[in-house]
Amino acid sequence: MRKAGRPVLVVMDDLDRLTPEELLVVFKLVRLVGHLPGVYYLISFDERTLLDVLQRSELVGNSEPRAREFLEKIVQVRLDLPAFRERDADLLVDRFLAAVLASHNLTLTPGEQQRLSEAYYRYLQARLRTPRAIKRFFGQADATLGQLTGNVDIVDFLLVTFLRTSEPRAYQLLWQHRAELTGTSVDLPSRRDERPEQRIDRWRTRLQDAGVAEQHLDGVIGLMGMLFAPLRQTLGYGANTQAIALRRGIGSIDYFDRYMVFGVPDDDLPEHTFGTALQQLADGTPGIEADELLLRLRDDTQRITRRIQYKRAAGAPLPVAALLKAAAQHYGHLTATPQGVFGLFAADRRHGLPRKRPPDRPCRARPTRNPPDHG
């Protein structure tokens, strides 16, 4: 090696991930091989974690001063990374967010920007403080957004992704308490008179059991309050359940499953298919999308009716006559009450329904104050 006259640099990363025994063996080899001429080591690690690992070894024992002394014998020249400032983290988050949105042809509306900004500065910023955490979060978002593009609320999706990557066991609680979070459960008698603080304590206990650290409990609960109306109301904030459904949020029972299976389930209709079906019905042009919608209207009446209501509330034009005709044809097979289906379409000119009586329908005279006796 002296004759070669060429230095050898050995780079070793993530030493803090080793067990105490493995770490001591590596350090022993570094010290021995490092005595050879022209051999240099560049080792990288998180110092706090590495000191904790050393203190679990028999050689150092539970003593941080001894752990630091041992480390100083191995590391001759320290090259500390510069501090990652809050501003640097915010810029990196903006850059990764823009990249994810661009790769899926998405843009944020002003309302979505406001909601995401509120969630970030309240709950996410404190936990996205390192390049690794930021890359991991947006990497997960980019990898799972795929089939959900256009079928979920992008802000809700990002917040749920944060829970899944940062608190995976807390994320599992969403599915476990799906009915409670979407407001579709029947309260137990013991909970009907429950005070808001008792409900919050119950969730704190659940999250603690799921491994959420004490310093993160309030943040996780607050983040869930932005997603689910019942929890938001418990926290003392107003919650518009219809608004959650209109934006296809996870807090709606009609869209919850999409966030958990990373796609549109087989028993659901994607937004594009739903919109195409309504247009086909309005134009009177048959198509597989319209056929699928009418089949779902018969077999899953309640969900389809609610989704039609969401469209109506959003001001979208509806092919009311065609939908009424389809509902009438399957009147005896609908899975919801007929009154609920037909009551959806009020006789209103805004939705294309005539106000006058159909000519083939017999006229009913208004009852008089003293109706005649017909015997």
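Along each chain, residues carry numbers from 1 onward, in the same order as the chain's sequence is written. Selection of residues for local features in this predicted model requires a pLDDT of at least 70, selection of side-chain atom pairs for listing and counting requires 80 or more, and totals for whole chains, interfaces and linings are taken over all residues. Excluding hydrogens and water, the side-chain figures rest on all heavy atoms present in the structure.

Student: Please give an account of helix α5 (residues 110–124) that cites residues and values.
Tutor: Helical segments are the DSSP runs of H or I of at least four residues, strand segments are the runs of E of at least two, and each set is numbered from the N terminus. To estimate how far a helix should extend, the number of its residues minus one is multiplied by 1.5 Å. Taking 1.5 Å of rise per residue, 15 residues should cover 21 Å, and α5 covers 19 Å from first to last C-alpha, within 8% of that figure. Only protein chains enter the accessibility calculation, which uses a 1.4 Å probe. A residue is then buried if its area is under 20% of the maximum for its type, exposed if over 50%, and partly exposed in between. Taken together, the buried positions of α5 are occupied by Glu112, Arg115, Leu116, Ala119, Tyr120, Tyr123 and Leu124. Across the axial projection of α5, the buried residues extend over an arc of 130°, all falling on one side. The outward face of α5, more than 90 degrees from its buried face, is lined by the exposed residues Pro110, Gln114, Tyr121 and Arg122. Only heavy atoms matter for contacts: two residues are in contact if any of them lie within 4.5 Å across the pair. Close packing links the buried residues of α5 with α4 (86–103), α6 (131–145), α7 (154–166) and α11 (217–227). In this context, the arc is that of the directions from the helix axis out to the C-beta atoms.

Student: I'd love a proper account of a positive patch on the surface, names of residues and values included.
Tutor: Side chains of Lys28, Arg31, Arg66 and Lys73 sit close together on the surface and give a patch of like positive charge. Taking relative accessible area as the criterion, Lys73 reaches 67% and is therefore assigned exposed. Without a salt bridge and with relative accessible area above 30%, a residue can belong to a patch; like charges are then joined within 9 Å and nonpolar side chains (Val, Leu, Ile, Met, Phe, Trp, Tyr) within 5 Å. Note on areas: Shrake-Rupley, 1.4 Å probe, and residue coverage restricted to the protein chains presented here. Note on definitions: salt bridges are taken to be side-chain nitrogens of Lys or Arg within 4 Å of carboxyl oxygens of Asp or Glu. In this charge count, Lys and Arg are treated as positive and Asp and Glu as negative; neither His nor the chain ends contribute. Positions of charges follow a simple convention, taking NZ of Lys, CZ of Arg, CG of Asp or CD of Glu.

Student: Residue-level account of the pairing of strand β1 (residues 8–12), with values.
Tutor: Any two strands with at least two DSSP bridges between them are considered paired. With 5 bridges joining them, β1 and strand β2 (residues 39–43) adopt parallel strand pairing. Directly across from Val8, in β2, lies its bridge partner Val39.

Student: Help me get a handle on the nonpolar core, residues and values and all.
Tutor: Put simply, a nonpolar core is a bunch of buried Ala, Val, Leu, Ile, Met, Phe, Trp, Tyr and Cys residues held in one set by side-chain atoms that sit within 4.5 Å of each other. Ranked by size, the top nonpolar core spans 51 residues in total, and within it Leu124, Phe157, Leu174, Leu207, Met224 and Ile250 carry the most contacts. Counting only elements with at least two residues in this core, the list comes to α4, α5, α6, α7, α8 (168–176), α10 (196–209), α11 and α14 (256–261). The element that contributes the greatest number of residues to this core is α7, accounting for 8 residues.

Student: Quick rundown of the packing of helix α1 (residues 20–33) against helix α2 (residues 47–55)? Include the residues and the values.
Tutor: Each axis is a line fitted through C-alpha atoms, and for a helix only the stretch in contact is used; angles between axes span 0 to 180 degrees, taken between their N-to-C directions. The interhelical angle for the contact between α1 and α2, taken along N-to-C directions, is 105°, at an axis separation of 8 Å. In terms of orientation, α1 lies roughly perpendicular with respect to α2. Touching Pro20, Leu23, Leu24 and Phe27 of α1 are Leu50, Val53 and Leu54, all from α2. The residue classification treats Ala, Val, Leu, Ile, Met, Phe, Trp, Tyr, Cys and Pro as nonpolar and Asp, Glu, Lys and Arg as charged. All others, Gly included, are polar. Classifying every residue of the contact of α1 with α2 gives 7 nonpolar, no polar and no charged. Note on terminology: angles under 35 degrees are roughly parallel, angles over 145 are roughly antiparallel, angles of 65 to 115 are roughly perpendicular, and the others are oblique.

Student: I'd love a proper account of unusual backbone geometry, names of residues and values included.
Tutor: Positive phi is not limited to glycine here, since Asp14 has a value of about 60°. With respect to the secondary-structure elements, Asp14 resides in the loop between β1 and α1. Given the relative accessible area of 22%, Asp14 is considered partly exposed. Non-glycine residue Arg248 carries a positive phi angle of around 60°. With respect to the helices and strands, Arg248 occurs in the loop between α13 (241–246) and α14.

Student: Lay out a nonpolar patch on the surface in plain terms, naming residues and giving numbers.
Tutor: On the surface, Leu9, Val11, Tyr40, Leu42, Val77 and Leu79 cluster together into a nonpolar patch covering about 670 Å² of accessible area. Of all the secondary structure elements, the ones that give two or more residues to the nonpolar patch are β1 and β2. For Val11, the location among the structural elements is in strand β1.

Student: Residues and numbers for the confidence of the model for the protein, please.
Tutor: Residue-level confidence of the predictor is what pLDDT reports, using numbers from 0 through 100. For the protein, the average pLDDT comes to 85, and 86% of its residues sit at 70 or higher. Segment residues 347–375 is flagged for pLDDT under 50; beyond a separation of four residues in sequence, or across chains, it makes 16 contacts in the model.

Student: Please set out helix α17 (residues 301–313) residue by residue, giving values where relevant.
Tutor: The end-to-end C-alpha separation of α17 is 18 Å, in line with the 18 Å expected for 13 residues at 1.5 Å each. Two residues or fewer past α17, Gly315 is found with a positive phi of approximately 85°.

Student: Break down the side chain of Ser252 for me, with residues and values.
Tutor: Along the polypeptide, Ser252 turns up in the loop between α13 and α14. For Ser252, the residues in contact, after removing those within four places along its chain, are Thr182, Ile244, Ala245 and Tyr310.

Student: Quick one: what's the story with the packing of α2 against helix α3 (residues 64–74), residue by residue and with numbers?
Tutor: Closest axis-to-axis distance for the α2/α3 pair is 9 Å, and the angle between their directions is 110°. With respect to their mutual orientation, α2 and α3 come out roughly perpendicular. Between α2 and α3, the residues in contact are Glu47, Arg48, Leu50, Leu51, Leu54 and Gln55 and Glu64, Ala67, Arg68, Phe70 and Leu71, respectively. Of the residues assigned to the contact of α2 with α3, the class counts are 6 nonpolar, 1 polar and 4 charged.

Student: Go over the layout of surface pockets, please, and point to the residues and values.
Tutor: Using a 1 Å grid laid over the protein atoms alone, points where a 1.4 Å probe fits but cannot get out form a cavity; open sets with protein on both sides within 12 Å along at least 5 of 7 lines form a pocket; any residue with an atom within 4 Å of a point counts as lining. Grid points are joined across faces, edges and corners, and a volume is the space filled by probe spheres set on the points. As a volume, the largest pocket reaches approximately 1400 Å³. Every residue lining the largest pocket is counted, 34 residues in all, and those nearest its centre are Ile43, Ser44, Phe45, Val75 and Leu79. Looking at the lining of the largest pocket, the elements that each hand over two or more residues are α1, β2, α2, α3 and α6. Considering only residue class, the lining of the largest pocket consists of 16 nonpolar, 5 polar and 13 charged.

Student: Can you explain the pattern of salt bridges? Please cite residues and give values.
Tutor: A complete count under the given rule lists 32 salt bridges for this structure. The partner of Asp153 in a salt bridge is Arg115, and the shortest N-O contact between them spans 3.0 Å. Highlighted residues: Asp153 in the loop between α6 and α7 and Arg115 in helix α5, separated in sequence by 38 residues. The class of Arg115 is buried, set by a relative accessible area of 18%. Glu180 is paired through a salt bridge with Arg202; the nearest N and O atoms lie 3.1 Å apart. Of this pair, Glu180 sits in helix α9 (residues 178–182) while Arg202 sits in helix α10, and the two are 22 residues apart along the sequence. Judged by its relative accessible area of 16%, Arg202 is buried.

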